[in-house]
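Secondary and tertiary structure notes
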Amino acid sequence: MGATTRKKVHRKFKMRGYTLKMEALEEILSFLSRFKDAEEEAIDLLLDELENESLKSSIIDRDSVHRVTSLLLEAEAAVEATAASSNRSPLRIIDAFVVPRFRYDSVKKTFYEHTGKLPLHGDASAKAALYRDRFELLLQRISRDPHFSKPVFDPEMVHSGNRSCEISSIQSLIGHTGRRWIMGVISQLEDGRFYLEDLTEALHKVTTGFFVENTVIVAEGELLPNGTFQVNTCGFPPLEDRDETLAALVGLDFFGGGSLTMEETLRLSALEKKAVNDMFVILSDIWVDNEETMEKLATVLEGYENVEVVPSLFVLMGNFCSRPCNLSFNSFATLRSQFGKLGEMIGSCPRLKEHSRFLFIPGPDDLGPSTVLPRCALPKYVVEELQMHVPNAIFASNPCRIKFYTQEIVVFRQDLLYRMRRSCLVPPSTEETSDHFEHLVATISHQSHLCPLPLTVQPIMWNFDHCLRLYPTPHTIILGDKSEQKAFKYTGITCFNPGSFANDSTFVAYRPCSQEVELSAL
């Protein structure tokens, strides 16, 4: 264990009023070596358990530590044995329509959960709330950023020295001179003219960068006498580390997988690290009406049928038809039988059928009530025959979420890159990268939203916009897109596009234990 861990242990024990003997420290470090990815939680849990011991002194010796670590390791072994003897999978699929909705109270500075059923069709106030909730989510996030927090000293003095980055409301700019930082949503309040709008006011925007209408930006500049805010620098609101967000949310479950205690998190982390054989295979554009695509899929399934340890999960994303299933589509019975043939294909691989799970997520052109997001699961009528062959098949919404032990994974099937590029107000900057997929990942991460497009480009159910939030930032984002296969790790978030299996024969093998992405192709 490194010097950093030693210092961390000493600091945390000192904060609780304890002094460690050298042999006690070595015992603690030996215990922590089992939980390298959850050191903080392990130290806190160890301290909590020590406080339950009847210690004779504040100086901790090896025997005291050994008693507690032995108990904790025995408890972990018991949980592991229970998990091994149970047939329950560590996987949990979370449909978008059951994701809890939290709203921010800017007065009490806290989130509260919406109770009761949300109507699918929201009223006019729900549309206004959609934008306000997105803005306030990012505003409370940036308020914790040390660069944008309120200065401790005299605000006027700090402003005059141009050292403060405190966010000002647009309304407060009136009558003030000098450089200010503002945060707002890019809005088109009149044709051809874009404005920066916050909860108080709107002003004309003058800026460059990689921005789409309805995205939230932070801009530094000065209000000119003619009422125009002259922007010197601007960008997206800074990201916040996932652990910092979780600490601020005090155990609230934004993901929908259920809240975990510190002890449960620690134990599941240990189990997750040992799940080295678990693998997910992700494929997008599985055209069941295309003979060539089905032959290629059969090759992939047969290949995995014969490996030593079969994949835990197959994620099959739409589109499931080579032509859009719109109002002119009239081959529902044929499509139903084609899904049945897919079921037969999976059923002919007995090991996969018994040990793997199959998750089906609709694409943008698949059957459904409309193209609005989030999309509900594939209609029961077309998948009934498939279910006869694969009884444990899971049909989920688009987007949907996967919980694997402690890991949070978001899956979204949408041709997002093309649509984001088309909707860009200004060509993306090539200063840091010229890769458009990397631009896309940065945009959705900073916006904490899967689809920050204007509602005129991509309609979203007003009452279910929260289902597309990326807050707190998940561990992994899977973006099914017909564009080129890509993988990119951004500020600790693993993001990848498996590519179009029907067009390019590409797919991804993903190991959640190590967050390793293997770009594959036939």
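Not measured: the values here are computed from a predicted model. (Residues numbered from 1 in each chain as written. Predicted model: local features only at pLDDT ≥ 70, side-chain atom pairs only at ≥ 80, totals over all residues. Heavy atoms only, no water.)

**Remarks on the overall build of the protein chain**
Secondary structure assignment for the protein chain yields 15 helices and 22 strands. Rg of the C-alpha trace for the protein chain: 26 Å, near the compact-globule value of 24 Å for 522 residues, within the 12% margin. Over its C-alpha atoms, taken along the principal directions, the protein chain stretches across nearly 75 × 75 × 45 Å. Across the 522 residues that make up the protein chain, the buried fraction comes to 52%. Relative to all contacts within the protein chain whose residues are 6 or more apart in sequence, the contacts with residues 24 or more apart total 68%. Of the roughly 24600 Å² that the protein chain leaves accessible, carbon and sulfur atoms contribute 51%. Counting 55 positive and 70 negative side-chain charges, the protein chain places the averaged centre of each group 2 Å from the other. (Helix = DSSP H or I, 4+ residues; strand = E, 2+ residues; numbered from the N terminus. Rg over C-alpha atoms; globule rule 2.2 N^0.38 Å. Buried < 20%, exposed > 50% of the residue type's maximum accessible area, 1.4 Å probe, protein only. Contact = heavy atoms within 4.5 Å. Areas by Shrake-Rupley, 256 points an atom, 1.4 Å probe, with all protein chains shown as cover. Lys, Arg positive; Asp, Glu negative; His and termini not counted. Charge placed at Lys NZ, Arg CZ, Asp CG, Glu CD.)

**Quick notes on the sheet that holds strand 13 (residues 313-317)**
Spatially, 15-14-13-12-21-22 is the arrangement adopted by the six strands of the open sheet, whose pairing is mixed. Each edge of the sheet is formed by a strand with only one pairing partner; in this case those strands are strand 15 (394-395) and strand 22 (516-521). (Pairing = 2+ DSSP bridges.)

**A few points about the packing of helix 13 (residues 416-423) against helix 14 (residues 436-447)**
In contact at an axis separation of 10 Å, helix 13 and helix 14 are set at 85 degrees when each is read in the N-to-C sense. As judged from the angle between their axes, helix 13 and helix 14 are roughly perpendicular. Facing L416, L417, M420 and R421 of helix 13, the residues of helix 14 in contact are H436, F437, L440, T443 and I444. When the residues that make up the contact of helix 13 with helix 14 are grouped by side-chain class, the tally is six nonpolar, two polar and one charged. (Axes fitted to C-alpha atoms, helices over the stretch in contact; angles between N-to-C directions. Parallel < 35°, antiparallel > 145°, perpendicular 65-115°, else oblique. Nonpolar A, V, L, I, M, F, W, Y, C, P; charged D, E, K, R; others polar.)

**Considering the confidence of the model for the protein chain**
Confidence in the prediction for the protein chain averages 86 pLDDT; 90% of positions are at 70 or higher. Under a pLDDT of 50 for its full length, residues 81-88 has, in the predicted model, one contact with residues more than four places off or in other chains. Note on residues 152-163: pLDDT is under 50 here. Beyond four places in sequence and across chains, it has eight contacts. (pLDDT = per-residue confidence, 0-100.)

**Some points on the environment of L519**
Structurally, L519 is set in strand 22. As for L519 and E263, which are separated by 256 residues in sequence, their C-alpha atoms are 35 Å apart. Look past the residues within four positions of L519 in its chain and what remains in contact with it is Q485, K486, A487, F507 and V508.

**Considering unusual backbone geometry**
The omega torsion across G318 and N319 is 5 degrees, close enough to zero to call that bond cis. By the secondary structure assignment, N319 is in the loop between strand 13 and helix 10 (332-347). For the peptide bond that leads from Y471 to P472, omega is -10 degrees, which places it in the cis range. Tracing the chain through its elements places P472 in the loop between helix 14 and strand 18 (476-480). Phi angles above zero are rare outside glycine, and K109 is one such case at about 60 degrees. Tracing the sequence through the fold places K109 in the loop between strand 4 (102-105) and strand 5 (110-113). The phi torsion at Q515 lies on the positive side, around 55 degrees, for a residue other than glycine.

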